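Letter by letter, the chains look like this.
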Amino acid sequence: MKLDDADAKIVEALIRDGRMSLKDLAAQAGLSSPGVSERIRRLQERGVIRGFTAEIDPKALGYSLQAIVRIRPLPGKLHIVRQLIQEIPEFCECDKVTGDDCFIARLAVPSIEQLDDILDVIADKAETSTSIVKSQPIRRRPPPLVTG
């Protein structure tokens, strides 16, 4: 879905600061505040903007360790494993993927012991391969905007 230049400016500004005022957005997009408000509403209706969120630092909440876990459910256990991943709040993200593993997930935990406890919950239902995150050179970001 292509965006016109004004919509692209609005989306880019909101990516930088989701709490930016309509007045500031209007100035950056070269539109009136009511015009920006209407464009934001249409962008939401089209699904371009899914929501406005706060970015949380897991370390500030005591989650000093993050791990990426590749999960391969045992035969007949896919739906059970998916449900477990959804119910365990330490799973921050999860993608269902092609290839040998069905899921690739990110966990935030306070310790290796907690990581072991969580993985033990799914150990009899899936094979896992875990990597500890050392750093995150690129934080989650949207793809480039297509304008035209």
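Residues numbered from 1 in each chain as written. Predicted model: local features only at pLDDT ≥ 70, side-chain atom pairs only at ≥ 80, totals over all residues. Heavy atoms only, no water.

1. Section: the overall build of the protein
Stage number 1. Within the protein, the regular secondary structure consists of five helices and four strands.
Stage number 2. The C-alpha radius of gyration of the protein comes to 20 Å, more than 25% above the 15 Å expected for a compact globule of 148 residues.
Stage number 3. Across its three principal directions, the C-alpha atoms of the protein cover 60 × 35 × 25 Å.
Stage number 4. A fraction of 63% describes how many contacts in the protein between residues 6 or more apart in sequence connect residues 24 or more apart.
Stage number 5. Between the mean site of the 22 positive side-chain charges and the mean site of the 22 negative ones, the protein shows a separation of 6 Å. (Helix = DSSP H or I, 4+ residues; strand = E, 2+ residues; numbered from the N terminus. Rg over C-alpha atoms; globule rule 2.2 N^0.38 Å. Contact = heavy atoms within 4.5 Å. Lys, Arg positive; Asp, Glu negative; His and termini not counted. Charge placed at Lys NZ, Arg CZ, Asp CG, Glu CD.)

2. What to know about the sheet that holds strand S3 (residues 103-109)
Strand pairing in a sheet takes place through backbone hydrogen bonds and is either antiparallel or parallel in direction.
Stage number 1. As summarised here, the arrangement of the four strands in space is S2-S3-S1-S4, forming an open sheet in which the pairing is antiparallel. Strands with a single pairing partner mark the edges of an open sheet, and in this sheet they are strand S2 (91-96) and strand S4 (126-132). With strand direction ignored, the average angle separating the axes of adjacent strands in the sheet is 20°.
Stage number 2. By the bridge criterion, five bridges tie S2 to S3 in an arrangement that is antiparallel. Across the sheet, Asp95 pairs through a bridge with Ile104, a residue of S3. (Pairing = 2+ DSSP bridges. Axes fitted to C-alpha atoms, helices over the stretch in contact; angles between N-to-C directions.)

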